[in-house]
Amino acid sequence: MTDRRTRGRFLTFEGIDGAGKSTHIAACVESLRARGIDALRTREPGGSPLAERLRELLLTEPMSLDTELLLVFAARRDHLEKVIEPALAAGRWVVCDRFTDSTWAYQGGGRGGSAQRIAWLERWVQGGLQPDRSYLFDLPAEQAAQRRAAARSADRFEREDLAFFERVRAAYLERAAADPRRFVVVDAAMPIDAVSKLLEEDLIKL
Ligand code: TMP
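Described in the following lines is the structure provided in the data block. Since the structure is predicted, the reported quantities are computational estimates derived from the model, not experimental observations.

Criteria and cut-off values
Residues numbered from 1 in each chain as written. Predicted model: local features only at pLDDT ≥ 70, side-chain atom pairs only at ≥ 80, totals over all residues. Heavy atoms only, no water. Helix = DSSP H or I, 4+ residues; strand = E, 2+ residues; numbered from the N terminus. Contact = heavy atoms within 4.5 Å. Core = buried A, V, L, I, M, F, W, Y, C linked by side-chain atoms within 4.5 Å. Buried < 20%, exposed > 50% of the residue type's maximum accessible area, 1.4 Å probe, protein only. Pairing = 2+ DSSP bridges. Axes fitted to C-alpha atoms, helices over the stretch in contact; angles between N-to-C directions. Near = heavy atom within 4 Å. Polar contact = N/O pair within 3.5 Å; in protein donor to acceptor, adjacent residues only side chain to side chain. Areas by Shrake-Rupley, 256 points an atom, 1.4 Å probe, with all protein chains shown as cover. Nonpolar A, V, L, I, M, F, W, Y, C, P; charged D, E, K, R; others polar. Salt bridge = Lys/Arg side-chain N within 4 Å of Asp/Glu carboxyl O. Parallel < 35°, antiparallel > 145°, perpendicular 65-115°, else oblique. Left-handed = near helix turned anticlockwise from the far one by under 90°.

### Comments concerning the environment of Ala171
- Relative to the assigned elements, Ala171 resides in helix H7 (residues 162-178).
- Taking the C-alpha atoms as reference points, Ala171 and Met190, separated by 19 residues in sequence, lie 21 Å from one another.
- Aside from chain neighbours lying at most four places away, what touches Ala171 is Trp104, Ala105 and Gly109.

Structure representation (C-alpha cells):
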C-alpha cells in the first residue's frame, strides 16, 4: 500500500460548457511543473485509450440516460485503473478536466437521473477516491451559451437548451455548497488574469 505522504494530489476542473476552464487547466499544469511537481493532465470522459473511444460514442451517439450513465462510469473505471490511480500512487499530481461532479451535474441535474444510482455507481467505481480540490467555473447559462456560439461545432451535450444548462449549473452549485472544503467556486465572468491569480493563490495553499 502506498504511503499517504507520497501520494500525489488529485485536482479537477468543472463547469458548464463554455465557462472557459481549458485555458486555466493548462496554466495550472504549467504552474505545478514550474514548482518541480510532476503533473499529469487528463480529461473525462476519456483519458485512456478505451475511455477515449467511449467518449466518442458519448458525444455523438443518441442513447438513453441509463446507457449514458453506465458508459460514463465504464469510461471512468478504465481511466482510474490505467491512468489516475497509478499516477497518484507514483506521487504524481493529476489535473483532470471534469470528473464525477460532471456526472452529478449533467446526468443528475441536467437529465434528471436518479441520485441513488449515481451514488451507487460512484461508490462502486471509485471506492472512497475523491478529488483533493475541485475548481468549479461558474457562469450563468446564457453567458456560457454566447461563449460556446463562437467556438467549434457543438457535440450532443452542447446542443442542449438553456434550461438544461441552468439545471446543470444549479446541480454544480449544490455540490459545491455541500462540500466547501473540496470546492473552490470561481466566478468565470471575471477577467482571465483575475481567475489565474485566484487559482495560483489556491495552488500555493495546496
Ligand atoms: P468537454 O467538452 O468539457 O470535454 O466535456 C464533454 C461533455 O461530456 C460535456 O458536455 C459534459 C459531458 N459529461 C457528462 O455529461 N458526464 C460526465 O460524467 C462527464 C465527465 C462529462
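### Observations concerning the nonpolar core
- Counting 34 residues, the largest nonpolar core has Phe13, Ile16, Leu32, Val95, Tyr106 and Phe137 as the members making the most contacts within it.
- No other element matches H7, which puts six residues into this core.
- When residues no more than four places from it in sequence are discounted, the contact partners of Phe137 are Phe13, Glu14, Gly15, Ile16, Ala19, Gly20, Lys21, His24, Val186, Ala188, Val195 and Leu199.
- Counting residues in hydrophobic clusters, the runner-up holds 17 residues, among them Leu40, Phe99, Trp104 and Ile118.

### Thoughts on the sheet that holds strand E1 (residues 10-15)
- One open sheet holds the five strands; their spatial order is E2-E3-E1-E4-E5, and the pairing between them is parallel. Lying at the two open borders of the sheet, with one neighbouring strand each, are strand E2 (39-43) and strand E5 (183-187). For this sheet, the mean angle separating the axes of adjacent strands, direction not counted, is 20°.
- In the sheet, strand E4 (residues 133-138) pairs with E5 via five bridges, with the strands oriented parallel. Looking at the pairing, Tyr135 lines up with Val184 of E5.
- Packing against the sheet, helix H4 (residues 100-110) makes contact with E1, E4 and E5, and its axis sits at approximately 20° to E1.

### Here's the deal with the site of the ligand
- Of all residues adjacent to the ligand, which total 15 residues, the nearest are Asp17, Arg55, Arg98, Thr103 and Gln107.
- For the ligand, an oxygen atom lies 2.9 Å from a polar atom in the side chain of Arg55.
- Thr103 has a polar side-chain atom sitting 2.6 Å from an oxygen atom of the ligand.
- Considering the ligand on its own, with 480 Å² of exposed area, one finds that the protein chains cover 95% of that surface.
- Within the residue set of the shell around the ligand, elements represented by two or more residues are helix H2 (49-60), helix H3 (65-89) and H4.
- Tallied by class, the residues present in the shell around the ligand amount to five nonpolar, three polar and seven charged.

### Considering the pattern of salt bridges
- Counted by the stated rule, this structure contains 20 salt bridges.
- Between Glu52 and Arg43 there is a salt bridge, with its nearest N and O atoms 2.7 Å apart.
- Using a relative accessible area of 34% as the deciding quantity, one classes Arg43 as partly exposed.
- Across the pair Asp78 and Lys82 runs a salt bridge, and its minimum N-O distance is 2.5 Å. Taken together, the residues Asp78 and Lys82, both in helix H3 and four residues apart, mark about one turn of the helix.
- Look at Asp78 and you get buried, because its relative accessible area is 7%.

### Some thoughts on the pairing of strand E3 (residues 93-97)
- For E3, the buried fraction is high: five of the five residues fall into the buried class.
- Alignment of E1 against E3, held across four bridges, turns out to be parallel. Each bridged residue has a counterpart across the sheet, and for Leu11 the counterpart in E3 is Val95.
- When E2 meets E3, the two strands line up parallel, connected through five bridges.

### Focus: the packing of H4 against helix H5 (residues 115-126)
- Following both chains from N to C, one finds H4 and H5 inclined at 155°, their axes separated by 11 Å at the closest point. Judged on the interaxial angle alone, H5 and H4 are roughly antiparallel. Our pair here, H4 against H5, has a crossing hand that is right-handed. Residues Thr100, Thr103, Trp104, Gln107 and Gly108 of H4 lie in contact with H5, whose contacting residues are Ala115, Ile118, Ala119, Glu122 and Gln126.
- Class assignment for the residues of the contact of H4 with H5 results in four nonpolar, five polar and one charged.

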